[in-house]
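Close look at the chain arrangement
Read off the chains here:
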4 protein chains.
Amino acid sequence: MNETLHDHPVTPRTNEEKDKLKRRLKRIEGQVRGVEKMIEEERYCVDILIQISAIQSALKNVGYGVTERHMKHCVKDAIANGDGDESIEELMAVLKQFSK
Amino acid sequence: MNETLHDHPVTPRTNEEKDKLKRRLKRIEGQVRGVEKMIEEERYCVDILIQISAIQSALKNVGYGVTERHMKHCVKDAIANGDGDESIEELMAVLKQFSK
Amino acid sequence: MNETLHDHPVTPRTNEEKDKLKRRLKRIEGQVRGVEKMIEEERYCVDILIQISAIQSALKNVGYGVTERHMKHCVKDAIANGDGDESIEELMAVLKQFSK
Amino acid sequence: MNETLHDHPVTPRTNEEKDKLKRRLKRIEGQVRGVEKMIEEERYCVDILIQISAIQSALKNVGYGVTERHMKHCVKDAIANGDGDESIEELMAVLKQFSK
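Residues numbered from 1 in each chain as written. Chains lettered and ligands numbered in written order. Predicted model: local features only at pLDDT ≥ 70, side-chain atom pairs only at ≥ 80, totals over all residues. Heavy atoms only, no water.

Description of the relation of the copies chain A and chain B
As a reminder, the rule being used: For this overlay, a least-squares fit was computed on C-alpha atoms, restricted to residues scoring pLDDT of at least 70 in both copies. Only heavy atoms matter for contacts: two residues are in contact if any of them lie within 4.5 Å across the pair.
Expressed as a screw operation, the relation of chain A to chain B combines 0.0 Å of axial shift with a rotation of 180°, fitting to an RMSD of 0.0 Å. Read as a symmetry element, the transformation amounts to a two-fold axis. Proximity to the rotation axis, assessed at the C-alpha, singles out A:Glu29 in chain A; its C-alpha lies 2.8 Å from the axis. When the interface residues of chain A are mapped onto chain B, 100% of them are again interface residues, pointing to one common binding face.

Written as structure tokens, this is what we have:
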């Protein structure tokens, strides 16, 4: 996927939406730093794997939130404007990449 | 999974192994910060999803590395000491959690 | 998810679409039977795992095809009728279940 | 992955193990046939996706069972014989393929 259809979401994210997303990403950033610390402290491999798996879940949830909002705004808008198929195909491509 | 079998890997990670892991995690941390910036800059949902998917891949690769080393040291050692099954079951539990 | 929004796709699948889907599912059915045969023939675990992984890929591809068509017909139609959000939330729920 | 390390599991599967695996695969085969019937009956896309997702879970569980037994017999045996690393690398390769 080289170029996407837009530069911005069709409906700008509200400040509340942005703050919520940024808080979740900040927490994920902290979790990644936590794993670095676990490496430093010679922690057991399985404990590290459990932590990495928690980060994966948190990231996946952020991805779901972004996907759902994308469908409710950008894809919906594209469909209303007769460009639905292109928008749906773009989304399918990224969903396939995701589940790899 | 409430308690894991050990506090440390059976063979301490070498400094080289630790540095490599920390470099990869630092890069992932930077990628997460990059997504925060994309939110700030009102970037398009699909571009954000592509970035999140790249972080997932990078994390998965760190997980594979940790898993392989765990098998080659901790699980191998457990097997040599007759505690293989317990160690294998512990690993299976975290692998299942991972693929959720 | 207890009850879904419809009994049928909003646009009936064409005979060609149905035949294509059924052919792919028949092939998957054959692959599953192939694994049964591998068990019977005492085949090596890793060979069996490779085969199971191939079936997973094939099923995932069928799922992608069904999802894309669903978006291009049912979700698009729901959006046109002002019921988009409900339809999108239904789809998100099944996508989350999928990636588990 | 072109060639695997063995033709057979190092410890033959017991009849009970084989029967259990075959029963689970038979059930999966029936689930796949069920999806074919759903296509035939023009069933709603989301109902089909829920069913496909159930098959994925069932297959994944068979895969976990085969993996665990593989570790407890073939990998354990390889480690005892000093061929552990090769066996572990073979398993890692198939685990990576799986999670794609």
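Points about the relation of the copies chain C and chain D
Here two copies of a chain appear, and what relates them is a rotation about an axis with a shift along it. Of the two same-sequence chains, chain C is brought onto chain D (RMSD 0.0 Å, axial shift 0.0 Å) by a rotation of 180°. Looking at the interface residues of chain C, 100% of them are also at the interface in chain D, so both copies use one shared face.

Regarding the packing of helix H3 (residues 84-98) of chain B against helix H2 (residues 45-80) of chain D
For clarity, the threshold we go by: Note on definitions: angles span 0 to 180 degrees between N-to-C directions of axes, and those axes are lines fitted to C-alpha atoms, for helices only across the stretch in contact. Helix and strand assignments follow DSSP, with helices taken as H or I runs no shorter than four residues and strands as E runs no shorter than two, numbered in order from the N terminus. What sets the label is the angle itself: under 35 degrees gives roughly parallel, over 145 gives roughly antiparallel, 65 to 115 gives roughly perpendicular, and the rest give oblique. Here a crossing is taken to be left-handed if its near helix is turned anticlockwise relative to the far helix by less than a right angle, and right-handed if that turn runs clockwise. Each residue is assigned to one class: nonpolar for Ala, Val, Leu, Ile, Met, Phe, Trp, Tyr, Cys and Pro, charged for Asp, Glu, Lys and Arg, and polar for all the others, Gly among them.
Contact geometry of H3(B) with H2(D) gives a least axis separation of 10 Å together with a crossing angle of 150°. Judged by the angle between their axes, H3(B) and H2(D) are roughly antiparallel. When you trace H3(B) past H2(D), the crossing you get is right-handed. On H2(D), the residues that touch B:Asp85, B:Ile88, B:Glu89, B:Leu91, B:Met92, B:Leu95 and B:Lys96 of H3(B) are D:Tyr64, D:Thr67, D:Glu68, D:Met71, D:Lys72 and D:Lys76. Class assignment for the residues of the contact of H3(B) with H2(D) results in 6 nonpolar, 1 polar and 6 charged.

Structural notes on the interface of chain C and chain D
One frequently used descriptor of interface size is the decrease in accessible area upon assembly of the parts. Using the following cut-off: For any pair of parts, buried area is found by adding up, for both, the accessible area (1.4 Å probe) each one loses once the two are put together. Each reported salt bridge corresponds to a side-chain nitrogen of Lys or Arg within 4 Å of a carboxyl oxygen of Asp or Glu. The definition of a polar contact used here is a pair of N or O atoms within 3.5 Å, where within protein one atom must be able to donate a hydrogen and the other to accept one, and adjacent residues in sequence count solely through side-chain atom pairs.
With 50 residues of chain C at the interface, the matching set in chain D holds 50 residues. Of all residues in chain C, C:Glu42, C:Tyr44 and C:Leu49 give up the largest surface area on contact with chain D, accounting jointly for 15% of the area buried on that side. At the boundary of chain C with chain D, the tally comes to 10 salt bridges. The salt bridge partner of C:Glu42 is D:Arg13, with a shortest N-O separation of 3.7 Å. There are 18 residue pairs in polar contact (both at pLDDT 80 or more) connecting chain C and chain D. Taken together, the elements giving at least two residues each to the side of chain C that touches chain D come down to helix H1 (15-40), helix H2 (45-80) and helix H3 (84-98) of chain C. Here the side of chain C that touches chain D gets 18 residues from one element, more than from any other, and that element is H2(C).

Examining the environment of A:Arg33
The cut-off we apply is this: Accessible area is worked out with a 1.4 Å probe on protein chains only. A residue is then buried under 20% of its type maximum, exposed over 50%, and partly exposed in between.
Locating A:Arg33 in the fold gives a position in helix H1 (residues 15-40). A:Arg33 sits in the partly exposed class, given a relative accessible area of 38%. Ignoring sequence-local partners within four residues, the contact set of A:Arg33 consists of B:Glu29 and B:Arg33. Looking at A:Arg33, its side chain comes within polar contact range of the side chain of B:Glu29, at 2.9 Å.

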